[in-house]
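Notes for the structure review
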Amino acid sequence: MLAVKTDKLVKCYGKFKAVDDLNLHVEKGEIYGLLGPNGAGKTTAIKVLSGLIKKTSGTAKVLDIEVPNKLVSGNVGYMPQETAAYIGLTVHQNIEFFGKLFGLDKEHIAKREKELLEFIDLTDWRDELVQNLSGGMKHRVSLACALIHEPDILFLDEPTVGVDPKLRIKFWKFFTKMKENGTTVIITTHYMDEARRCDRVGFMRQGKLIAEGVPEVLMKETGTDSLEDAFLKYADIERPPVRPGVK
Ligand SMILES: Nc1ncnc2c1ncn2[C@@H]1O[C@H](COP(=O)(O)OP(=O)(O)O)[C@@H](O)[C@H]1O
Ligand SMILES: [Mg+2]
């Protein structure tokens, strides 16, 4: 069984196709990176898969179940691109809220909260209102909320934006540890050093997947030494440049 499987997935906003015939296959226990320029449709695809918005057509399955479906939502963690924490609540209240939402009991929440606060380095900020935290700190609270119920599949939409390099390394250690424990991680990122740490990456452009594979293999195939250059090569193959005057 695949962790994620989409077939000809389409999501329109009005007449505009933000996700266009997307075929995405993610194995269980993989760290899969979705890469692509702004507006490529990464966030939209992740929102459909985590059950937040409805697809227009095609299939979108998570753990073999068509989404949105309550049966899978308990197995899925979603960290949105924009901070998800409630700014009028404290860090502790946010974590507790999400824990209760997923039906965890008080002891379980307290144990997880302690681990998570240490991980996001906010133990001393436990009782601070989220509105008083910096952007990066808010983002870390968001990550803790997405992880509270130890999901089998984790969708992370640009989780390391605004996170300092030291903490980014810590985040990645944690993602790798989760993978070792069998969690599937689907991540979008703009940082190419992070993308190279994924087991596989998929390049998205204009709602479509234009190439996917193991980072080293994609670079080798295109004769490039960065994923950015590899992306540009695939983008050229997909749609050759139009030369003025040539019909
Ligand atoms: N709620 C919305 N209504 C209309 N258009 C949207 C909405 N959300 C995203 N879009 C458009 O869909 C396209 C894909 O956006 P998005 O999925 O956010 O891409 P990415 O995450 O790759 O930057 C963009 O052109 C964006 O402007
Ligand atoms: Mg996005």
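Fair warning: this is a prediction, and the values are worked out from it, not measured in the lab.

Thresholds, definitions, all that
- Residues numbered from 1 in each chain as written.
- Chains lettered and ligands numbered in written order.
- Predicted model: local features only at pLDDT ≥ 70, side-chain atom pairs only at ≥ 80, totals over all residues.
- Helix = DSSP H or I, 4+ residues; strand = E, 2+ residues; numbered from the N terminus.
- Contact = placed C-beta atoms within 7 Å.
- Pairing = 2+ DSSP bridges.
- Axes fitted to C-alpha atoms, helices over the stretch in contact; angles between N-to-C directions.
- Buried ≥ 20, exposed ≤ 12 C-beta atoms within 10 Å, placed from the backbone.

**Concerning the environment of Gly-51**
Within the secondary structure, Gly-51 is located in the loop between helix 1 (42–49) and strand 5 (57–62). The sequence separation of Gly-51 and Tyr-32 amounts to 19 residues, and the corresponding C-alpha distance is 18 Å. Residue contacts for Gly-51: discarding those within four places in its chain leaves Val-67, Pro-68 and Ser-73.

**Let's talk about the sheet that holds strand 11 (residues 208–213)**
Taken together, the six strands give an open sheet; going across it, the order is 7-8-9-4-10-11, and neighbouring strands pair in mixed fashion. The open sheet is flanked by strand 7 (76–79) and strand 11, the only strands paired with a single partner. Averaged over all pairs of adjacent strands, the angle between their axes in this sheet comes to 15°, without regard to strand direction. Bridge analysis of strand 8 (residues 153–157) against strand 9 (residues 184–188) gives five bridges, and the strand direction is parallel. Within strand 9, the position partnered with Ile-153 by the bridge is Thr-184. Where helix 6 (residues 165–180) meets the sheet, its contacts fall on strand 4 (31–35), strand 8 and strand 9, and the angle it forms with strand 9 comes to roughly 145°.

**A look at the pairing of strand 7**
Here strand 7 shows a buried face lined by Val-76 and Tyr-78 and a second buried face lined by Gly-77 and Met-79. Here strand 7 pairs with strand 8 via four bridges, running parallel. Bridged to Met-79 within strand 8 is Leu-156.

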